[in-house]
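Now for the letters of each chain:
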Amino acid sequence: MAVLNVEDLHTYFKTEHGIVPSVNGVSFEVKEGETLAIVGESGSGKSVTSLSIMGLIDAPGKVEKGSILFEGSDLTKIGKKEYRKLRGNEIAMIFQEPLTSLNPLFTIGNQLSESIKLHQKVDKKTARVKSVEMLRHVGIPRAEKVFNSYPHTLSGGMRQRVMIAMALSCNPKLLIADEPTTALDVTIQAQILELMKKLAKEHSTAILLITHDLGVVAEMADKVVVMYAGQVVEYTDVYTLFSNPKHPYTKGLLNSTPKFHEIEEELESIKGTVPTPTNMPKGCKFNPRCPFAMDVCTMNEPALNETSYDHKVRCWLYEEKEAVI
């Protein structure tokens, strides 16, 4: 059973140029104990998708259309009060920069125990015991000392562990991790990813991982959604994505990633940049950057079609199943 089912999600923003789509018809599902990664360049709509799920899109933005089913309940139809009960309790989020997510005026223990008291309705003493226990659980040494420390006294890796402890303190059914290792060095990245995998396995937590790092995807994901210009352009399991990518954009991302077993003087790159929501090209959104663009690509937008079992691609090259790049 799917913990989260996003169907035809449209999130729009009002700007001086009119109403522009940031997320345009996105659909996917995440099952219990499964990790789904959303990948793409900056500006592709990854973070807006996650904020839409969390109910954190404020004016001038709005979820205009579609459904966000969490355990069968449509989150687009609930009020702010109900959303607050879910956030931090059944749905938790880890942001990419923990220093901006933690309040510098309060100790780690104050912020962690406050979350536990709020959602689990326990007294101060029980919340403290649970907080210290969670800090130990995420591999923080001298947990009692860290409990009384302020965020600025901890390293980036330690702060991120605190954020994970806070996110998992109420045993959420869904964990959304938005670029959780971006600000960390490679060694700490590996530790944080290993920790997330371990904790998700122990608690059967579904994880929605937002990232631009394909190395992180290979390490963590079961399934992958590739987004470009607010749309899903490819959707499949992680093994198929790396062994048989179909969309030209996915191939471009993979070709621009360094590989240990290949020595290349220069990495390939995808020419151009992601279009802005106010300046979308006609037809396929990727056509100005695509080396395989045809006339039809500049006129009509392709649909997201299933080319083989559990492998969907939005590309005119695959409108015919036998077509190959």
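Residues numbered from 1 in each chain as written. Predicted model: local features only at pLDDT ≥ 70, side-chain atom pairs only at ≥ 80, totals over all residues. Heavy atoms only, no water.

Per an unreviewed UniProt entry, the protein chain goes by the name ABC transporter ATP-binding protein and belongs to Sporosarcina highlanderae. In its Sequence similarities (unreviewed entry) section, the UniProt record describing the protein chain reads: "Belongs to the ABC transporter superfamily." (UniProt positions renumbered as here; feature names shortened; annotations may be inferred.)

(A) Summary view of the side chain of Q160. Note that Q160 resides in helix α7 (residues 156–168). By relative accessible area, Q160 is classed as buried at 0%. Among all residues touching Q160, those that are not within four sequence positions of it are I94, F95, Q96, P98, P180, L184 and I192. (Helix = DSSP H or I, 4+ residues; strand = E, 2+ residues; numbered from the N terminus. Buried < 20%, exposed > 50% of the residue type's maximum accessible area, 1.4 Å probe, protein only. Contact = heavy atoms within 4.5 Å.)

(B) Fine view of the sheet that holds strand β4 (residues 61–70). If you walk across this open sheet you meet the four strands as β2-β1-β4-β5, and the pairing is antiparallel. Each of the sheet's edge strands pairs with one partner strand only, and the pair in question is β2 (18–31) and β5 (73–74). Bridge count for strand β1 (residues 2–15) against β4 is eight bridges, and the pairing is antiparallel. Paired with H10 across the two strands is K65, which belongs to β4. Docked against the sheet, helix α1 (residues 46–54) engages β1, β2 and β4, running at close to 110° with respect to β1. (Pairing = 2+ DSSP bridges. Axes fitted to C-alpha atoms, helices over the stretch in contact; angles between N-to-C directions.)

(C) Expanded view of the pattern of salt bridges. Scanning all chains against the criterion turns up 13 salt bridges. Residues E219 and K197 are paired through a salt bridge, measuring 3.1 Å at the closest nitrogen-oxygen approach. Of this pair, E219 sits in helix α9 (residues 214–220) while K197 sits in helix α8 (residues 186–203), and the two are 22 residues apart along the sequence. Here E219 falls in the partly exposed class, since its relative accessible area comes to 39%. Put simply, E202 and K198 hold a salt bridge, and the shortest N to O gap is 3.4 Å. Residue E202 and its partner K198 are both found in helix α8; the two are separated by four residues, about one turn of the helix. Among the ionic contacts, a cluster of salt bridges with common partners joins E71, E90 and K173. (Salt bridge = Lys/Arg side-chain N within 4 Å of Asp/Glu carboxyl O.)

(D) Molecular detail of the pairing of strand β6 (residues 91–94). Alternating positions in β6 separate into two faces, I91 and M93 on one and A92 and I94 on the other, with burial throughout. Pairing of β6 with strand β7 (residues 174–178), which is carried by four bridges, proceeds in the parallel orientation. Bridge pairing in β7 links I91 to L174.

(E) The arrangement of the confidence of the model for the protein chain in detail. Averaged over the protein chain, the pLDDT score is 88; the fraction of residues at 70 or greater is 95%. Below pLDDT 50 for its whole length, residues 321–325 participates in ten contacts with residues either more than four positions away or in separate chains. (pLDDT = per-residue confidence, 0-100.)

(F) Up close: the state of the cysteines. Taken as a whole and judged by the stated rule, the model has zero disulfides. No disulfide involves C315; its nearest neighbouring cysteine sulfur is the one of C290, lying 6.2 Å away. (Disulfide = S-S within 2.5 Å.)

(G) Molecular detail of the sheet that holds strand β11 (residues 304–308). Within the open sheet, the eight strands sit side by side as β6-β7-β8-β3-β9-β10-β12-β11. Their pairing is mixed. With partners counted over all chains shown, the strands left at the sheet margins are β6 and β11, one partner each. Direction aside, neighbouring strands of the sheet carry axes that sit 20° apart on average. Of the pairings in the sheet, the one linking strand β3 (residues 35–39) to strand β8 (residues 206–211) comprises five bridges and is parallel in character. The residue of β8 that forms the bridge with V39 is T211. Across the sheet, α1 is in contact with β3, β6, β7, β8 and β9 (223–228); its angle to β7 comes to roughly 150°. The sheet contacts of α7 involve β6 and β7, and relative to β6 the element is tilted by about 175°.

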